[in-house]
2 protein chains.
Amino acid sequence: MNRIEIKEVYQQAQSLDGQRIVVAGWVRTVRDVKNFGFLELNDGTCFKSLQVVFEQNTIDNYDLVAKLNTGSSVMVEGTVCFTPNNKQSVELKATKVTILNATDETYPIQKKRSSIEFLREIAYLRPRTNLFNAVFRVRSVASFAIHKYFQDHGYLYVHTPLITTTDCEGSDQMFKITTLNFDHLPYTKDGHVDLSKDLFGKQAFITGSGQLHGEAFALAFSKIYTFGPTFRTEKSNTKTHANEFWMIEPEIAFCDLDGLMDIEEDMLKYVVQYVLDHCPEEIAFCNQFVQHGLKEKLETLVKSDFVRIDHKDVIEILKKADVKWEFQPTEGGDIAKEHEKYITEYFHGPVFIQNWPKDIKAYYMKLNPDGKTVAAVDLVVPGSGELMGGSQREEDYQKILSRCQEMNVDVKAIDWYLNLRRFGSCVHSGFGMGFERLVMYLTGIENIRDSIPFPRTPSNCQY
Amino acid sequence: MNRIEIKEVYQQAQSLDGQRIVVAGWVRTVRDVKNFGFLELNDGTCFKSLQVVFEQNTIDNYDLVAKLNTGSSVMVEGTVCFTPNNKQSVELKATKVTILNATDETYPIQKKRSSIEFLREIAYLRPRTNLFNAVFRVRSVASFAIHKYFQDHGYLYVHTPLITTTDCEGSDQMFKITTLNFDHLPYTKDGHVDLSKDLFGKQAFITGSGQLHGEAFALAFSKIYTFGPTFRTEKSNTKTHANEFWMIEPEIAFCDLDGLMDIEEDMLKYVVQYVLDHCPEEIAFCNQFVQHGLKEKLETLVKSDFVRIDHKDVIEILKKADVKWEFQPTEGGDIAKEHEKYITEYFHGPVFIQNWPKDIKAYYMKLNPDGKTVAAVDLVVPGSGELMGGSQREEDYQKILSRCQEMNVDVKAIDWYLNLRRFGSCVHSGFGMGFERLVMYLTGIENIRDSIPFPRTPSNCQY
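Residues numbered from 1 in each chain as written. Chains lettered and ligands numbered in written order. Predicted model: local features only at pLDDT ≥ 70, side-chain atom pairs only at ≥ 80, totals over all residues. Heavy atoms only, no water.

## What about the overall build of chain A?
In terms of regular secondary structure, chain A is built from 14 helices and 18 strands. Each of the three principal axes of chain A carries a C-alpha extent, and together these read 85 × 60 × 45 Å. The buried share among the 463 residues of chain A stands at 61%. Contacts in chain A between residues at least 24 apart in sequence constitute 67% of all its contacts with a sequence separation of at least 6. Accessible surface for chain A amounts to roughly 18600 Å². Of this, 47% is attributable to carbon and sulfur atoms. Separation between the mean location of the 52 positive side-chain charges and that of the 63 negative ones in chain A comes to 3 Å. (Helix = DSSP H or I, 4+ residues; strand = E, 2+ residues; numbered from the N terminus. Buried < 20%, exposed > 50% of the residue type's maximum accessible area, 1.4 Å probe, protein only. Contact = heavy atoms within 4.5 Å. Areas by Shrake-Rupley, 256 points an atom, 1.4 Å probe, with all protein chains shown as cover. Lys, Arg positive; Asp, Glu negative; His and termini not counted. Charge placed at Lys NZ, Arg CZ, Asp CG, Glu CD.)

Structure representation (structure tokens):
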């Protein structure tokens, strides 16, 4: 008899009623009620487990099954029993339970609920819990929703390089890579490590952004997006920083800042709605156990109109606010987390903060006619703060050169990027979205370490 | 007036007939026929360019437009002229041509066809050519087809870590990463570089495979796949090796080697058919200019039944063949490129070669009852050789331990991975597909450097 998935058992419960089937999976709990027992079986194909009923009279290894530990793998043959209008609408009456691999008392996850911090220590087993089953399903579905949105809208998916010698984030934030043997490093005559002996013949890094390469492709395909891993060497042990994270970076030719905000808003609403539609049980679980009000938060987002406001007007509102700030809002200054929180509460929804002081933003952002601000935009959302950051790019060759000089950017290292402004340049814009931020927003999870399968943070690179 | 995409012009040509529209893009060619001219405009939203007709009497900058160089960016306002039953079925009669950015004679791509080797040197501009427009569109569409196949079939997409301290390919093949300053390296008392001072407190690498981490997730979700970048330090300057490439690694619980081959075959046919359906112009172009017979090759694959044959039987066939081999086929030995070629021609189609000698395969592959072979399988396809490699994994704790000892694998470094065999182990299988190999197969492109946007090979890490 062929095994079927627990997801299929639920989907076809009515037609399977009375049928004999085989399922396999991992034991969540076993309850022995003398002569018969209940076994919760989960195979990860859907959020829900399947209740298996086993009886002393029916199976020949009752005592072994009744003593099974959480995490054991079993295969169960049995008859489907469907009860309409019953909370536990389907169960499987076992005729045979084959124990594939029984865990012993050293199995780290036991019946009682484990703390999220403890589960973080066993990253290779935590997907077997309800919480991480939900979070990683949402992560997978949201990934696909992003691909589907951009592909349906005619964007080209570009695999920008991970190994790079040019990067828009600056090399002091980047991991160096090497094939040299640390115990036998080659040296140049003047006493430096001789990087010409390395595989690429020079210092290479792993990237912090695909934007520069993405722009090159946008100036050929009009609309492109990247979706891949990025890296930062930041030594921050906070809830929102990881050294490895995934980013989505769309880039659109013939598109200005207003057009960019239209895309950001449309895309985010699509992805949120897609997750609501495709992960109802996972969202319900997170709503109950992770963040109360999560579902309403997401449903509200989809229906809301995002506010668009200039940075300077945000500062005005913050200054007028009757709040004792930790960081005083200033006209030329950044927007702190506490400010983001205030401003999303002030507007009861997501806010695009646009036209930022040029001195706190990157060289590639388009200088506005005022000469003081750049056409940059951050999207801040209730509960999570900044979710996306983007800008119209400076498309004028001379202007971007001057900005590079002003900001001490090494123009030689990015000459090809600057050349894009000489070879068919045009108005173009793009944004970046940290994918873990989105997963945290979608699930209510508060620590980035719980939004990514095997998190990498300072001093922490296990598994 | 809002700009519309050239793709939309073609899709809605009939209803747009006689309408005024605005398009924007990059000039491919300009032909000046005195008093009027033709301009081929491409915006990358579809493979085809749009023919713009401009007349001296109609636009006010005729002379400038007539002299435009390839690569210049323009915006064109004009009237759509649709002619049914005409090869050039739609053209745009310009009423206004705005020159956004005119290239000069330093623009590297000129009207005449450039060699593929030359274009490789200008990776940031080559997507503006027909060839790379086609290849990178196919790459994007094939990526989505892979996601769609696995998501539609209930697989979980897992972002396995790029930074890792454990890897199934062995650390001698891996790039080391570091945040240490090469000019001021810290040393331990006994004279080694002090890696405890590095960001993760030990030596970390960028990964060559997500398999080990993927298995952990398969033993929670039953069916998972990865799709991400992987790295090898190989110093091979061949047409098929790159130091950075993308891989797809599905892993399936409760699935044996036969089940795995079913999935590989089904997935590959789906992806090929999807590309045929969604990239007809790109495939037609590659069929004409890259590989004659490409389209037929792909259509044949979708309809064929893949052969399944044991490694030892392949060796028999090779030995009997009337061919002077460069590498003599032997029973315990590997299958060389020339052998792969022969065997796919022998069977006129794709061939699964299964049950390989254990000594030339990895420790994690399931030992067959004969004690000599492992349940591994390579898929070889006509014209491209090996496209996928997979195996049933050894699920028995003691057996995998013995194999590790036999093959000198450091069991301490992968204790968590081995523990999966103690904590709810089950039959499971997985495979890896190098994505560039697939792109090369789909487009007929012969050099891996032309299948990836910014290739990284030894001594070559530009852009």
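Let's pick the thread back up.
## A few points about the environment of Ala 216 of chain A
One can find Ala 216 of chain A in helix H6 (residues 211-221). For the pair Ala 216 of chain A and Glu 251 of chain A, spaced 35 residues apart in the sequence, the C-alpha separation amounts to 9.4 Å. Among residues more than four places away in sequence, those in contact with Ala 216 of chain A are Trp 416 and Leu 420 of chain A together with Tyr 124 and Phe 454 of chain B.

## Overview of the confidence of the model for chain A
Taken residue by residue, chain A gives an average pLDDT of 95. The fraction at 70 or more is 98%. Scored by ipTM, the complex comes to 0.97, with pTM at 0.97. (pLDDT = per-residue confidence, 0-100.)

## A look at the packing of helix H7 (residues 257-278) of chain A against helix H9 (residues 294-303) of chain A
Residues and elements named next belong to chain A. With their axes 9 Å apart at the nearest point, H7 and H9 run at an angle of 140 degrees to one another. Of the possible angle classes, the one that applies to H7 and H9 is oblique. Viewed along their axes, H7 and H9 form a crossing whose handedness is left-handed. Taken together, the residues of H9 that come into contact with H7 (itself represented by Leu 268, Lys 269, Val 272, Gln 273 and Leu 276) are Lys 295, Leu 298, Glu 299, Leu 301 and Val 302. Of the residues belonging to the contact of H7 with H9, the class tally is six nonpolar, one polar and three charged. (Axes fitted to C-alpha atoms, helices over the stretch in contact; angles between N-to-C directions. Parallel < 35°, antiparallel > 145°, perpendicular 65-115°, else oblique. Left-handed = near helix turned anticlockwise from the far one by under 90°. Nonpolar A, V, L, I, M, F, W, Y, C, P; charged D, E, K, R; others polar.)

## Some words on the relation of the copies chain B and chain A
Laying chain B over chain A is done by rotating through 180 degrees and shifting 0.0 Å along the axis; what remains is an RMSD of 0.0 Å. Expressed as an axis order, the relation between the two copies is that of a two-fold axis. For chain B, the smallest separation between a C-alpha atom and the rotation axis is recorded for Ile 177 of chain B, amounting to 2.2 Å. The fraction of interface residues of chain B whose copies in chain A are also interface residues reaches 100%, indicating that both copies meet through the same surface. (Least-squares fit on C-alpha atoms with pLDDT ≥ 70 in both.)

## Observations concerning the sheet that holds strand S5 (residues 90-101) of chain B
Hydrogen bonds between backbone groups are what pair the strands of a sheet, and the pairing can be parallel or antiparallel. All names here are of chain B. In space, the five strands of this closed barrel follow the order S1-S2-S3-S5-S4, with mixed pairing throughout. Looking at each pair of strands side by side, their axes are set apart by 55 degrees on average, direction ignored. Note: strand S1 (residues 20-32) against strand S4 (residues 73-82), seven bridges, orientation antiparallel. Looking at S4, one finds that Val 23 is bridged to Val 76. (Pairing = 2+ DSSP bridges.)

## Overview of helix H9 (residues 294-303) of chain B
Residue and element names in this part refer to chain B. For H9, the complete set of buried residues consists of Leu 294, Lys 297, Leu 298, Leu 301 and Val 302. In an axial view of H9, the angular spread of the buried residues amounts to 135 degrees, which keeps them on one side of the axis. Opposite the packed face of H9, turned more than 90 degrees from it, sit the exposed residues Glu 296 and Lys 303. Turning to H9, the residues buried within the fold contact helix H7 (257-278), helix H8 (280-289), strand S16 (373-381) and helix H14 (435-443). (Arc of directions from axis to C-beta.)

## Some remarks on the pattern of salt bridges
Pairs can form between side chains of opposite charge whenever their charged atoms are close. All names here are of chain A. Tallied over the entire structure, the rule returns 52 salt bridges over all chains. With a closest N to O distance of 2.8 Å, Glu 265 and Lys 269 form a salt bridge. Taken together, the residues Glu 265 and Lys 269, both in helix H7 and four residues apart, mark about one turn of the helix. Judged by its relative accessible area of 17%, Lys 269 falls in the buried class. Here Lys 312 and Asp 313 are joined by a salt bridge, their closest N and O atoms 3.8 Å apart. Overlapping salt bridges, with partners in common, bring together Asp 258, Asp 262, Glu 265, Lys 269 and Arg 308 in one network. (Salt bridge = Lys/Arg side-chain N within 4 Å of Asp/Glu carboxyl O.)

## Overview of the packing of aromatic side chains
Tallied over the entire structure, the rule returns 64 aromatic pairs over all chains. Between the aromatic rings of Trp 416 of chain A and Tyr 417 of chain A, the centroid separation amounts to 6.2 Å while the plane-to-plane angle is 75 degrees, which identifies the pairing as edge-to-face. Given the relative accessible area of 4%, Trp 416 of chain A is considered buried. Residue classification places Tyr 417 of chain A among the buried residues on the basis of a relative accessible area of 0%. The ring centre of Tyr 441 of chain B lies 4.0 Å from the NZ or CZ of Lys 297 of chain B, which sits over that ring. (Phe/Tyr/Trp six-rings, centres within 6.5 Å; stacked < 30°, edge-to-face > 60°. Lys NZ or Arg CZ within 6 Å of the ring centre and 35° of its normal.)

## So, the interface of chain B and chain A
Between chain B and chain A, the contact holds 110 residues from the first and 110 residues from the second. Together chain B and chain A conceal approximately 9000 Å² of surface at their shared face, both sides included; 64% is due to carbon and sulfur atoms. Of all residues in chain B, the largest losses of buried area upon contact with chain A belong to His 159, Phe 182 and Phe 423 of chain B, amounting jointly to 9% of the total for that side. At the surface where chain B touches chain A, the tally comes to two salt bridges. In this structure, the salt-bridge partner of Lys 223 of chain B is Glu 5 of chain A, at a minimum N-O distance of 2.7 Å. In this assembly, chain B and chain A are joined by 49 residue pairs in polar contact (both at pLDDT 80 or more). No other element matches the twelve residues that helix H5 (residues 130-152) of chain B contributes to the side of chain B that touches chain A. Within the side of chain B that touches chain A, the residues separate by chemical class into 54 nonpolar, 37 polar and 19 charged. Pairing of strand S8 (residues 175-178) of chain A with strand S8 (residues 175-178) of chain B, which is carried by three bridges, proceeds in the antiparallel orientation. In the sheet register, Ile 177 of chain A faces S8 of chain B, and the bridge partner there is Ile 177 of chain B. (Buried area = accessible area lost by both parts, 1.4 Å probe. Polar contact = N/O pair within 3.5 Å; in protein donor to acceptor, adjacent residues only side chain to side chain.)

## Some details on unusual backbone geometry
Residues and elements named next belong to chain B. The backbone phi angle of Lys 34 is positive, close to 60 degrees, even though this residue is not glycine. When you line up the elements, Lys 34 lands in the loop between S1 and strand S2 (36-42). In this structure, Ser 222 is a non-glycine residue whose phi angle is positive, near 70 degrees. Within the secondary structure, Ser 222 is located in the loop between helix H6 (211-221) and strand S10 (223-225). On the basis of relative accessible area, Ser 222 is assigned to the buried category, the value being 1%.

## Some details on helix H12 (residues 397-406) of chain A
Residues and elements named next belong to chain A. Every buried residue belonging to H12 is among Ile 400, Leu 401, Arg 403 and Cys 404, and all of these are buried. The buried side chains of H12 occupy one side of the element, clustering within an arc of 160 degrees when seen end-on. Turned more than 90 degrees off the buried face of H12, the exposed positions are Gln 398 and Gln 405. For H12, the side-chain oxygen to backbone nitrogen distance between the N-cap and Gln 398 is 3.0 Å, and the N-cap itself is Asp 396. Immediately beyond the C-terminal end of H12, within one or two residues, lies Asn 408, with a positive phi of roughly 55 degrees.

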